[in-house]
Amino acid sequence: MGDAQAERQRVEVAVRRVGVEACLRRRPRVELNHAAESGIGYLIASFGVGASTAGLTLLARGNNFRRSRTTLAGIAAYSIGALLSVITPYIGVGLIGFALMGAAHSLGGVAST
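Residues numbered from 1 in each chain as written. Predicted model: local features only at pLDDT ≥ 70, side-chain atom pairs only at ≥ 80, totals over all residues. Heavy atoms only, no water.

Q: What am I meant to see in the overall build of the protein here?
A: Along its length, the protein carries four helices and zero strands. Going from the N terminus to the C terminus, the protein shows its helices and strands as α-α-α-α. Every one of the 113 residues in the protein was classed for burial, and the buried ones make up 24%. Counting contacts in the protein only where the partners sit at least 6 residues apart, residues at least 24 apart contribute 71% of the total. (Helix = DSSP H or I, 4+ residues; strand = E, 2+ residues; numbered from the N terminus. Buried < 20%, exposed > 50% of the residue type's maximum accessible area, 1.4 Å probe, protein only. Contact = heavy atoms within 4.5 Å.)

Q: Even after reading the chapter, I still don't get helix α3 (residues 67–87), so can you show me in this structure?
A: Along an α-helix, residues three or four apart share an orientation, since each turn contains 3.6 residues. In a regular helix each residue adds 1.5 Å, so 21 residues correspond to 30 Å; α3 covers 30 Å between its end C-alpha atoms and thus fits that length. Listed in full, the buried residues belonging to α3 are Thr70, Thr71, Gly74, Ala77, Gly81 and Ser85. Projection of α3 onto a plane perpendicular to its axis shows the buried side chains occupying an angular sector of 130 degrees, all on one side. Residues of α3 that are exposed and point over 90 degrees away from its buried face: Arg69, Leu72, Ile75, Ile80, Leu83, Val86 and Ile87. (Expected span 1.5 Å × (residues − 1). Arc of directions from axis to C-beta.)

Q: Sorry if this is basic, but what is going on with the side chain of Thr88 here?
A: Along the chain, Thr88 turns up in the loop between α3 and α4 (91–112). Note on Thr88: relative accessible area 10%, which makes it buried. A polar atom in the side chain of Thr88 sits 3.2 Å from the backbone nitrogen of Tyr90. (Polar contact = N/O pair within 3.5 Å; in protein donor to acceptor, adjacent residues only side chain to side chain.)

Q: Would you take a moment to explain the environment of Gly48 for this structure?
A: Take Gly48: it is sitting in helix α2 (residues 37–61). For Gly48, a relative accessible area of 31% puts it in the partly exposed group. The spacing of Gly48 and Ala99 is 51 residues in sequence and 7.1 Å in space, taken between C-alpha atoms.

Written out as structure tokens, the structure reads:
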């Protein structure tokens, strides 16, 4: 009975090791808009550019906008930007979507506080 348990443990260890090695060989790659690592950096930077642009616009012309409309516009723009950046396979369209989400983030955040 001891030999059977030892053999079973050896088989289990071998199966686990093969499974782990197979997982390490076939690591899944995360692809966002078919972009390399630098493309993902550009996507994140475009979010900041959109947020900064909207922030400066609100700083200069903020008294011309109603807060309720600005909040609704921010929510709508964020949704459109997220949808746009998710459904497209092109990095350029994704940059526009992320910039729109950044601008919407500023619109919603500034108008609601």
